[in-house]
Amino acid sequence: MIRKKILRVSFILIFSIVFVFFANSILYTKTWAASMYWDGGASTVNWEDALNWSTDTIPTADDDVLIDISATINISSSTTINSLVLGNTGGTTTPILNFSYDAAGTNSPLTIDSGDLVIYSGGQITHSAGTTAIVGTIAINIQNGNLTIASGGKIDATGKGYASSEGPGAGTDGSEDNGAGGGAYGGNGGNGQTGRSGGTAYGSISNPTDMGSGGGYSGKAGYYGGAGGGLITITIGGTLDIQGNIYANGGTAGSYNGLDDYAGGGGSGGGINITAGTFTGAGSIAANGSAGGNITDADGGGGSGGRVAVNYTSKTYTGTITANGGTGPDGAYNGGAGTIYLDDGTGNGDLTISNATARTTLAEGITPLITGTFDNVTISGYSYVPLSGTLSVSEALSIAEYSFVRIDSSSTTTYGSISWSGTSYISDLGGNFPLVNDHASLTIPSGATLYTNVARTYNSITVSGTWSHWTNTTTQTYILDVDITNDLTIASGGKIDVTGKGYASSEGPGAGTDGSEDNGAGGG
């Protein structure tokens, strides 16, 4: 009886273990996924070649994939896997995963359905460079897991957008001693030093789906403008942790220095479009334009910044996000700042337009802001923002250090509050803008400048900065024509200054007679 009882208990115990194991194998198939790694057995660089994998099969949704080898692997179509790791914790290899197809444009991403994507130091994801058209773009959909980019790892589409002279914002080509124009995307491209025009901004602020455009061709065979930055689109169901970098910068412009000089335009920054649950890390995100070519007698315009949008539900990110325009060296113009849009899903998102390159003239580095609805808008750095449509800011509009805002007559701007500070400029051309509208009580803060170029009526004005109008040329177009109902106060350090703002040389009803060799001109 004792032996039968022991046998019965043993049978029940064995049956229970088998049942639990079988149940777990059904319920947790994705967790206990197969493992495979790249071994390059086919001697090709194609993801879709089964012999390149340790199992001699192409990865599927059941597979945890490891690429830990110094090689470039091309993925040419949409696929689904369980997880992906590039490199190792020691950073001893440099694996590159290259999207050789238009994954974003065809809505055909690399999907990671249950696990994580990890890019260790030395690891990289990129895409094939564009030409006259799109060739490759990056699209990754991490449905439930996390994306971790370790320090030294990166997703990089620098110079992978439209080629020189190509794209919807391509710069104008240059020629001998005439630098080319810069490429555009988030802002306008800068003009070359003799006026070869930069491209015009295009694309969406909140949902960038375009690549950057190329700078103009220098005019000398083999010396091209910089290519635009590429396109990166990533959706992460879990946490995005960036300790490394996500880049879509413009490519380097070419230049030729010989008996004759040639300079290409800078390429614009590209597009970075991210949606994540938690957004964290201390790395960097950049879609900067590149500088124009710089030669003694020919300088190319700078490429504009690109467009960056990050949507998230929570954020502890402390890193940097930039979309700067590229430098227009010497007499060429800088590219306009791109746009940076952050949205936590609770409102209309926050927009930042900021440039890092100092202006040499107020008419460069232009970022048109035609229309939009946002929670907060910050205009700062050396950005130049013409307002020409309807801008609605539900909370705060900030006009900060070194920025220039132009209020075109066609524009209507509303905001909850406004901050105007530092060495910044507002130019009033007659649009609807509460700060400068008729019957306002206007204060020009210390260090700031207001150009009033249309007739206005104010309740009162306090000038702690500078009040002026634009410079005239051949006709009297701009004057200070203002009625003040109550008080005009000019504080210590404040001034009304129109010095040198009248008719240009040789112009005006009292213009002096022009001079010639050894004969001085007459005074005005």
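Residues numbered from 1 in each chain as written. Predicted model: local features only at pLDDT ≥ 70, side-chain atom pairs only at ≥ 80, totals over all residues. Heavy atoms only, no water.

A. Spotlight on the layout of surface pockets. Looking at the largest pocket, its volume works out to about 290 Å³. Lining the largest pocket we find 22 residues, and of these Ala104, Asn107, Ala139, Thr233 and Ile234 sit closest to its centre. Among the elements that take part in the lining of the largest pocket, strand 13 (residues 231-242) stands out by supplying four residues, more than any other. Class assignment for the residues of the lining of the largest pocket results in ten nonpolar, ten polar and two charged. Estimated volume of the second largest pocket: approximately 160 Å³. Thr200, Ala201, Tyr202, Gly203, Ile205, Arg307, Pro368, Leu369, Ile370 and Thr371 are the residues that line the second largest pocket. A breakdown of the residues in the lining of the second largest pocket according to their chemical character gives six nonpolar, three polar and one charged. (1 Å grid on protein atoms, 1.4 Å probe; cavity = no way out; pocket = protein on both sides within 12 Å on 5 of 7 lines; lining within 4 Å. Points joined across faces, edges and corners; volume = space filled by probe spheres on them. Helix = DSSP H or I, 4+ residues; strand = E, 2+ residues; numbered from the N terminus. Nonpolar A, V, L, I, M, F, W, Y, C, P; charged D, E, K, R; others polar.)

B. Quick look at the packing of aromatic side chains. A complete count under the given rule lists 17 aromatic pairs for this structure. With a centroid separation of 6.2 Å and an interplanar angle of 55°, the aromatic rings of tyrosine 256 and tyrosine 262 are classed as tilted. Every member of this aromatic cluster is reached through a ring pair, and the members are Tyr384, Phe404, Tyr425 and Tyr451. In this structure, lysine 220 is placed above the aromatic ring of tyrosine 256, and the distance from its NZ or CZ to the ring centre is 4.6 Å. (Phe/Tyr/Trp six-rings, centres within 6.5 Å; stacked < 30°, edge-to-face > 60°. Lys NZ or Arg CZ within 6 Å of the ring centre and 35° of its normal.)

C. Just the pattern of salt bridges, in detail. Across all of its chains, the model carries five salt bridges by this definition. Aspartate 428 is the salt-bridge partner of arginine 456, the closest N and O atoms lying 2.8 Å from each other. With arginine 456 in strand 35 (residues 456-458) and aspartate 428 in strand 32 (residues 425-428), the pair connects residues that are 28 residues apart, well separated along the chain. Summarising the burial analysis for this pair, arginine 456 and aspartate 428 share the class buried. Here aspartate 438 and arginine 456 are joined by a salt bridge, their closest N and O atoms 3.9 Å apart. Note that aspartate 438 is positioned in the loop between strand 32 and strand 33 (441-444) and arginine 456 in strand 35, a separation of 18 residues in sequence. You can call arginine 456 buried: its relative accessible area is 8%. A single network of salt bridges, built from pairs that share partners, joins Asp428, Asp438 and Arg456. (Salt bridge = Lys/Arg side-chain N within 4 Å of Asp/Glu carboxyl O. Buried < 20%, exposed > 50% of the residue type's maximum accessible area, 1.4 Å probe, protein only.)

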